[in-house]
Every structure is written in structure tokens, then in C-alpha cells.
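What the coordinates show
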Amino acid sequence: MARQFRGRSSKAQGRVAHVYSWPEVSLPALPGAPQPLQLFDTATRSLKSVEVGSHARMYVCGITPYDATHIGHAATYLTFDLINRQWRDQGAAVSYVQNVTDIDDPLLERASATGVDWRDLATDQIQLFRDDMTALRILPPTSFVSVVESIEDVAIKVRALLDSGAAYYVDQDIYFDVTSDPNFGQVGHYDAATELAYFAERGGDPDRPGKRNQLDCLLWRGTRDGEPSWDSVVGSGRPGWHIGCVAIALDHLGMSFDVQGGGNDLIFPHHEMSASQGQVLTGEQPYAKAYVHAGLVALDGEKMSKSRGNLVFVSKLLESGVDEMAIRLALLQNHYRTDWEWTDSNLHEAQARLKRWREAVAPPTGPSADETLAAVRTALAGDLDTTAAIAAIDRWAEHQATTPGDDPGAPGIISRTTDALLGIAL
Ligand code: 5CA
Ligand code: ZN
């Protein structure tokens, strides 16, 4: 059983420790000109120029801290790390916000099933995630924010939705009325049957009596015996899933931020509900300028997921002595938008490639690297085409192996290119 936790709102009491991000990664500067970034936007179903000027703003949905960090999580956070690196190469300052869903049904269920206090489970898993992100050289968020530390802000948003008529009570719980947003459905573009199926599969309760619409989602769950709850401006209870992300995104980034990110399992309902709630709360549009979604990683033919338990953990691979840069390169060998399968041969290919690259940059001279750097930049600027970027480095390494070049700056430029743009330290 999850131990009962009753507390006042976190900020009011200052009881909840702030969750800390992980260490900064230094980025070498590169010569030449960066390229403007284009990304596939789920909402417009097209490639979109993501022009950020001197300041970029990105929100990426964070983990629910149990069973972290599997290779699927790592692939998703790596995708947004590449975007971060593209913007940094352009000289932009990046406000990068990531949440931790440290209060939600799946976390409480796992804690209860394993007889662990839900807070201890979350704390341990967040630390594991930080360590894995650090090992994989993922740039840390500028704000790493937990839902528990944001409960007062969440409750204020729920109160505002109630006051405007966009939210209503069902017994002691509060729901968002999806018809309050005329643009609902414009992130995912799914038909009604698909929306309903995803909603039911991904944490929704379409058939609860008393709801106005089947797709209306929970904003606030009133206190239940044996469940943690907090006192707030909407009474005692705990936040629903989507509104936690909305509160954190709006408080730390504001509306119309550049990229909302996550795996493609979050398109509906999570990012659809987030966009709607943000738009209804502020009366402004859009919630995010681009919605970018990473494909899902599978193992043995099925999506890698905590509920199925078919997981490959980053920490286990590291413990078994696998080079962290080989794990990163194995992930980069797949285009972020396609669903793909984790296999040993993918990892072996990455290990062999990493060895070739390291051998190629070891000599003091090499073939000119200017074209290679430009090709890597072009590939990544075109919707993060990592396979083309890797092929460009492969060509340079192959050239070096067959007819070594005499440019004294070249190996250094190649190392800095893989480091700054791909995050691979050679
Ligand atoms: N806490 C919520 C988001 S607010 C959540 O979805 N948490 S999660 O731990 O389940 O997933 C964290 C991130 O990893 C999400 O962006 C999710 O889309 C992504 N993810 C989960 N499973 C996979 C997978 N098999 N392949 C790729 N990405 C995945
Ligand atoms: Zn989220």
C-alpha cells in the first residue's frame, strides 16, 4: 500500500525539495555557418522552419519515475538533445524545460505493488535517470521541474478553468470540458474512434458516468483514502496528468514556445489536452509552434514499455561495460521519427563504427574536414537526419583509412563536429 501522505501545498510549506537537473555538458565551438533548422511538425503534418532567433524555448515531457531509463526513453531525450545542439550551434540561448511526473496513478500502483513508498521510488528513479542522461551526454534542462513541487500552480490553473466554465465537477473530481476548445483535435488529427481508443488506452476514463463528453480528462482527483493528497484552492486532492505539464510549461516558458516534444505515444491525448488546456486558459494560440514526436523503440516486436516489461535499461548496459558513446551512437543510427527495434546487431554496428571513428581522428593530420562539417550540419538541419550525418563522418573516416590526409586541423574539426552536433565524444 502506498503510505498516505497529507500535506499542504508544496510551495506554501516549502516541504518538497526542488529536483535538480544534471551537470552541464561543454560544447566546442565550430567554424563555418550553421543551417536553419527544419522539423516535422505533427500538428501541420509538414516540415516546419523552427526559427528561434537568439532565444529558443522547448518543453519536453519527462519521465514518470519508475522503471527508468530504458532505451526508448533515451532515444526520445536524445532526439530533443539534437535539437538543443542545433540551436546552440546557431548561437541561440535555449530555455529547455522538462517535467517529472512524480505523482500519478502508474507510479502509485508500482509503489503499492512492490511495497515501496512512492516518494522513495520516485527519488531513486529520478537519480538513475540523471545518471543515465549524464552518461549519454544529454544536455540538461535549464528547468527540471517536478509536478509535486508545482501543485499549487496546478491548482490555480484548475481553479481558473472552473471559474471560466471550461471545467466541472464529477463527484469530488474535476474534469476539463474538451468542447471549450474549438481547436481540440488539431494536434493529432485523429478520427473520433481513434481518439477514443487512445484516450481509453492512455490513462483516460471515457465511460465514467457524469462526464459531459467521453474525452473530457481529469484535472484534479479529490482525496481518496490511502492516496497522497494536498490542500489547495480547489480543495484537497492531487493533479491529473495533462494539467501538470501545462502548469509547468506556462509558468516556465509561457505560451507559443517553439517545440513541444515527446514520444509519439504522447500525441493523443497528452499533447492534444495540453494544447487545449493552455489555449483555453490563456485565450492565446498556439500553445506550441511545433509539436515534435519521436518514434517508439521496440524490443522483440513490441513497443518497449514499463507495463509490458520488455525493457533494456541504459544503466544495465553501462554496468555490463558497454561504452556510453556506443549506446548513443546506436540510437543515432535510427531516424528519430521511425519506430524501430533495439537489437544487439545495432549496438555491435555502433561499437565497430565508434572504433573506426576513434582510429580516424587519432593521427595528427587528415583529409580536409570542411565538407564533412557542412554535410553533417545540412543533414541535421533537415529534420535531424542522423543517418546522413553519420554517413558523412563514415566517408571522412574511410578516406583517412585508405589515403590519410595532411590537413593538420582536420581530425580536431571532426572530433568537435561529432562532439558538438551529435554529442559523441571521440
Ligand atoms: N511522464 C509522462 C510524460 S508527461 C511520460 O510519458 N512518462 S514516461 O516515463 O512514460 O515516458 C517518458 C518519455 O519517453 C515520453 O516522452 C515517452 O513518449 C517516451 N517513451 C516511452 N516509451 C518509449 C519507447 N518505447 N520508445 C521511445 N520513447 C518512449
Ligand atoms: Zn507531459
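Residues numbered from 1 in each chain as written. Chains lettered and ligands numbered in written order. Predicted model: local features only at pLDDT ≥ 70, side-chain atom pairs only at ≥ 80, totals over all residues. Heavy atoms only, no water.

**Some remarks on the coordination of the zinc ion (ligand 2)**
In an ideal tetrahedron of four donors about a metal, each angle is 109.5 degrees. In an ideal octahedron of six donors, the angles are 90 or 180 degrees. The zinc ion (ligand 2) binds to the protein through Cys-61 (SG), Cys-245 (SG) and His-270 (NE2); the donor distances cover 2.0 to 2.3 Å. If you look at the zinc ion (ligand 2), its four donor atoms make angles of 100 to 121 degrees with each other, and the shape they trace is tetrahedral. If you list the donors of the zinc ion (ligand 2) from N- to C-terminus, the spacing comes out as C-x183-C-x24-H. On the criterion of sequence distance, the pair formed by Cys-245 in helix H7 (residues 241–252) and His-270 in helix H8 (residues 267–282) is long-range, its members being 25 residues apart. Judged by relative accessible area, which is 1%, His-270 ranks as buried. (Donors = N, O, S within 2.8 Å, 3.2 Å for Na, K, Ca; no water. Tetrahedral: all angles 85-135°; square planar, octahedral: opposite > 155°, others 65-115°. Helix = DSSP H or I, 4+ residues; strand = E, 2+ residues; numbered from the N terminus. Buried < 20%, exposed > 50% of the residue type's maximum accessible area, 1.4 Å probe, protein only.)

**Digging into the site of ligand 1**
In the vicinity of ligand 1 there are 24 residues, among which Gly-62, Thr-76, Thr-101, Asp-265 and Lys-306 approach most closely. Gly-72 is positioned with one of its backbone polar atoms (N or O) 3.1 Å from a nitrogen atom of ligand 1. Here an oxygen atom of ligand 1 sits 3.4 Å away from a polar atom, N or O, in the side chain of His-73. A total of four residues in the shell around ligand 1 trace back to one element, the largest contributor, which is helix H2 (residues 71–89). Among the residues making up the shell around ligand 1, the classes are represented as nine nonpolar, 12 polar and three charged. (Near = heavy atom within 4 Å. Polar contact = N/O pair within 3.5 Å; in protein donor to acceptor, adjacent residues only side chain to side chain. Nonpolar A, V, L, I, M, F, W, Y, C, P; charged D, E, K, R; others polar.)

**Observations concerning the side chain of Thr-42**
Within the secondary structure, Thr-42 sits in the loop between strand E2 (38–41) and strand E3 (46–49). Judged by its relative accessible area of 12%, Thr-42 is buried. When sequence neighbours within four positions are dropped, the list of residues in contact with Thr-42 reads Val-187, His-189, Ile-267, Tyr-291 and His-293. (Contact = heavy atoms within 4.5 Å.)

**Observations regarding the pairing of E3**
The two faces of a sheet get side chains in turn, since along a regular strand they alternate between them. Inspection of the sheet shows E2 paired to E3 by four bridges, in the antiparallel sense. Directly across from Phe-40, in E3, lies its bridge partner Leu-47. Hairpin connection from E2 to E3: four residues lie between these consecutive antiparallel strands, with Arg-45 at a positive phi of about 55 degrees. (Pairing = 2+ DSSP bridges.)

**Focus on helix H12 (residues 370–381)**
Relative to the 16 Å expected for 12 residues at 1.5 Å per residue, H12 spans 17 Å between its end C-alpha atoms, a close match to the ideal helical length. Regarding H12, the residues found buried are Thr-372, Leu-373, Val-376, Arg-377, Ala-379, Leu-380 and Ala-381. The inward-facing, buried residues of H12 contact E2, H2, helix H13 (386–402) and helix H14 (410–422). At the C-terminal side of H12, Asp-383 shows a positive phi close to 55 degrees. (Expected span 1.5 Å × (residues − 1).)

**Some remarks on the packing of aromatic side chains**
The final tally for this structure, using the stated rule, is 12 aromatic pairs. Relative to Phe-129, the ring of Trp-22 has its centre 5.5 Å away and its plane inclined at 90 degrees; by these criteria the two rings are edge-to-face. With a gap of 107 residues between them, Trp-22 in the loop between helix H1 (10–13) and E2 and Phe-129 in helix H4 (residues 118–135) connect regions that are remote in the sequence. The pair formed by Trp-22 and Phe-129 is uniform in burial state, with each residue classed as buried. Ring plane angle 85 degrees and centroid distance 6.2 Å describe the contact between Tyr-190 and Phe-268, whose orientation is recorded as edge-to-face. Remark: Phe-268 occurs in helix H8 and Tyr-190 occurs in the loop between strand E8 (173–176) and helix H6 (192–201); sequence separation between them is 78 residues. On the basis of relative accessible area, Tyr-190 is assigned to the partly exposed category, the value being 26%. Members of the aromatic cluster, each reached through a chain of ring pairs, are Trp-22, Tyr-77, Phe-129 and Phe-144. Over the ring of Phe-40 we find Arg-337, and its NZ or CZ is 4.0 Å from the ring centre. (Phe/Tyr/Trp six-rings, centres within 6.5 Å; stacked < 30°, edge-to-face > 60°. Lys NZ or Arg CZ within 6 Å of the ring centre and 35° of its normal.)

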